[in-house]
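Below, each chain spelled out in residue letters.
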Amino acid sequence: MPYNISMRRAIVRSDSPPVRLRKRGDVGLVTIANPPVNALSAAVRRGLLNALALAEEDAKIRAAVLTSSGGKAFVAGADISEFGSPPVAPSLPEVVAAMDAFSKPLVAAIDGVAMGGGLEIALACHCRVASKNARFGFPEVNLGLIPGAGGTQRLPRLCGIGRALEIIAGGQSFGAARAMEIGIVDEVAANGAAAVKTAFARAKRLAAEKKPPRRVSGLRIKESAASAARIAEEYSERLKKQKPGLLAPLCCARAAGGAALPFAEGVRHERALFLQCMRSQQRKALVHIFFASRNAAKAFVPAKGGEIVSVAVVGGGTMGAGIVVCLADAGLPAILLEADADALAKGLNRARAVYEHRRQSGRISESEMRQRLRLITGAKDYGGIGGADLIIEAVPENMDLKKRVFAELDRRCKPGAILASNTSSLGIGEIAAATKRRGLVAGMHFFAPAQRMKLLEIVRGKETAPKTLSVIARLAKQIGKTPVLAGDSPGFIGNRLYAPYGREAEFLLEEGATPAQVDSAMRDFGMAMGPFRARDLSGIDNGRNIRLRDWANLPAHYPRPRVLEKLFQAGRLGQKNGAGYYRYPDGKTPVNDPKTLALIKQASAERGIHRQKPSARQIRERCLYALINEGAKVLSEGVARCAADIDAVYVLGYGFPARRGGPMFWADSVGAAFILERVKQFHKECGEWWKPAPLLQQLAKANGKFAEV
Ligand code: T1G
């Protein structure tokens, strides 16, 4: 429907428009107000177009300032929730073209994040003023996209093709000082209000000069077309190594490589690449994970009260120290409790070592390190942690030990304190039974290294109170973690699905594969690390203990792989003692070890297997379909709330490739019927482990998807 002036006035001057135009003297103030992050929805795009048209037609307006309200974001980009739906006019390129054509000075006042389309509309202005806490970036590449509204053409014109390639294909955000340094911003003000004030002054000055607006599109990059294309080509070759299998980074490089072309031609080239990415399965998968990681938090009712002011951590091992660092990083005081002075000193030193490493690599300053360390204190007895609001237990994976710790915590900690276990798979209900405050007991399963991994499985015991879960989920967000709710079942979500994945990898060794073949096949699929390299990292002894416990009551007729036990009996504990599935001559680089192959062949012989090398596809099918079959059971049992939660767990905690959207999203792209046929085949060939999950059978029959469960 074509716009007419009355419609424009209606949209821009209604009482709560997503875009408002107000006159201040002879300057028009265009304000975007689309909480929570001022995403460029269709209504915002329409509002911008109308506000620009009104400001253009109003002779009393001699210049305009573009800003937004809300503070968190200037504009966080296109409205991601619109992706995949039929496009709604006006498109963002149309809006940006109208900004470019605006005949009066147009100055952006930026506070909060200017990302993606938000940075693109800022670059389409003739001048940019930022508050000092503003942040900038083109994160589209993390969604499987490229900037699609001129960003790949304007950015190189301001900061050169080399820097532009890093920013666009890297997808990292950066601050106002850096933006000023590289020429994206013309001035930095103390805060949002000062940025608007400064922008006004600039707009008036530019209007008084009566010169044609300085359009970024009118600039030229200093490199020639051939040189720009060569720089982009060289950068693309690096991207193929750094980000294998990803389409969007390469398209970013190709689009920016065209910035030496005439502007209109470069924009057309960019648009074609943008639409190619928009249609890609990788974009669908990456956007799925963007929302899955945010929607997981909606499993928890928003907490009211119960603020967590101080946290104690029991156990200063690698995990406990990492958890303490998470807390200090978020500005929370953390008390580390250990059994004796020596153990406490070791635990505190582990936390200090994390900060020392960050300081040496320039990620934090000496003063920031001291500030964080001041938040970490030690206690040698329970009396020292009695006043904490939350206590996170991170002692070794031994149920009797955990029960003793929880019973003592229950006696010594203040009423109302929440007691959480970092257990990776032990029963929360059983642990809670050792206390008289079962409603206040839950699982907080961090992933190693705790100070880096974003995933936090929050485990609901059968008597855990909803408020306990909500308070923990709120803390999770405060310490930068993504909370995913898990039912109290062995292995919760992550380790429950990881067990069959690792089991099948091990059976494949006995059938004819080597650790390197299996790891390589899974890395080629996109896993951050192969299963055997991962097991060497987490420790052969840990893997063995979990398996002994999980299979304690396994019916005798279930086949059991033997290689893990043989490695353990041979004293090979993994990277930590120099040998596991691989050897580690330098302590960290895995090297194939003939001794491992000898143990594997021994296992094959004991089982009477004639070894045959499997193909990469067979390796992937066995490992992944076992995982997905278990995921179907976890969904049916309600251990996971929905398939997207499983995807969030696997991408954030287990290195599953985000470009495939997580195991259940990927399974939906393969198809339940196909997977069921393969599972049935493996059931015939490999025995009871492969009994098809009822939900998988239902979906196959109904041509349904896990996403619909
Ligand atoms: N569109 C729609 N919703 C968005 C959104 C967006 N761009 N960004 C955030 N949200 C929602 C999010 O789902 C959540 O919703 C709420 O806002 C708070 O987000 C055309 C093609 C801005 C740094 O990739 O990085 O522009 O869960 O929990 O931790 O060329 O949000 O409350 O219902 O993340 O304070 C490029 C994505 C898009 C930025 C704020 N832009 N967003 O972080 O809050 S493509 C991005 C973020 C594009 C152009 C191209 C972060 C944030 P709910 P949050 P936060």
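Scoring rules and cut-offs
Residues numbered from 1 in each chain as written. Predicted model: local features only at pLDDT ≥ 70, side-chain atom pairs only at ≥ 80, totals over all residues. Heavy atoms only, no water. Helix = DSSP H or I, 4+ residues; strand = E, 2+ residues; numbered from the N terminus. Expected span 1.5 Å × (residues − 1). Buried < 20%, exposed > 50% of the residue type's maximum accessible area, 1.4 Å probe, protein only. Arc of directions from axis to C-beta. Contact = heavy atoms within 4.5 Å. Polar contact = N/O pair within 3.5 Å; in protein donor to acceptor, adjacent residues only side chain to side chain. Core = buried A, V, L, I, M, F, W, Y, C linked by side-chain atoms within 4.5 Å. Domains from an automatic or database assignment. Near = heavy atom within 4 Å. Nonpolar A, V, L, I, M, F, W, Y, C, P; charged D, E, K, R; others polar.

S.K.: So what's going on with helix α14 (residues 341-360)? Which residues, and what values?
M.R.: Helix length check: α14 (20 residues) gives 28 Å between terminal C-alpha atoms against 28 Å at 1.5 Å per residue, within 8%. Residues Leu344, Gly347, Ala351, Val354, Tyr355 and Arg358 constitute the buried set of α14. Down the axis, α14 shows its buried residues gathered within 85 degrees of arc, on one side only. Buried-residue contacts for α14 involve α13 (318-329), β12 (334-337), α15 (366-374) and β13 (376-379). At the N-terminal boundary of α14, the capping side chain belongs to Asp340, with an oxygen 3.1 Å from the backbone nitrogen of Asp342. Once α14 ends, the next one or two residues include Gly362, with phi positive near 80 degrees.

S.K.: Any chance you could break down the environment of Pro333 for me, citing the residues and the numbers?
M.R.: Looking at the element boundaries, Pro333 is found in the loop between α13 and β12. For the pair formed by Pro333 and Arg503, sequence separation is 170 residues and the distance between their alpha carbons is 41 Å. Excluding residues that lie within four positions of it along the chain, Pro333 makes contacts with Val309, Ser310, Val311 and Leu375.

S.K.: Explain the nonpolar core to me, and be specific about the residues and the numbers.
M.R.: By size, the foremost hydrophobic cluster in this structure holds 96 residues, and its most contacted members are Ile385, Ile391, Leu409, Tyr581, Leu696 and Phe706. With ten residues, helix α25 (residues 616-636) is the single largest residue contributor to this core. Split by domain, this core shows at least three residues from each of two domains, domain 2 (310-488) and domain 3 (495-708). Residues contacting Ile391, with those up to four places away along its chain left out, are Ala312, Val314, Ile385, Leu409, Cys413, Ala417, Ile418, Leu419 and Ala420. By size, the runner-up hydrophobic cluster in this structure holds 76 residues, among which are Val44, Met99, Ile146 and Ala259.

S.K.: Account for the site of the ligand, naming residues and giving values.
M.R.: Within the structure, the ligand sits among 27 residues, and Ala76, Ala78, Glu120, Gly148 and Arg294 are positioned closest to it. Within the backbone of Gly148, a nitrogen or oxygen atom sits 2.8 Å from an oxygen atom of the ligand. For the shell around the ligand, the element with the highest residue contribution is helix α12 (residues 281-295), accounting for three residues. Along the lines of polarity and charge, the residues of the shell around the ligand split into 16 nonpolar, four polar and seven charged.

S.K.: With reference to specific residues and values, describe helix α28 (residues 672-686).
M.R.: Three- or four-residue spacings in an α-helix give side chains the same orientation, since the helix completes a turn every 3.6 residues. For α28, spanning 15 residues, the distance from its first C-alpha to its last is 20 Å, which sits close to the expected 21 Å at 1.5 Å a residue. Within the span of α28, buried status applies to Ala672, Ile675, Leu676, Val679, Phe682 and Cys686. Down the axis of α28, the buried side of the element spans an arc of 125 degrees, and every buried residue falls inside it. With respect to the buried face of α28, the exposed residues turned more than 90 degrees away are Lys684 and Glu685. Looking at the buried positions of α28, the neighbouring elements they touch are α25, α27 (663-670) and α29 (694-702). Two residues or fewer after α28 comes Gly687, characterised by a positive phi angle close to 95 degrees.

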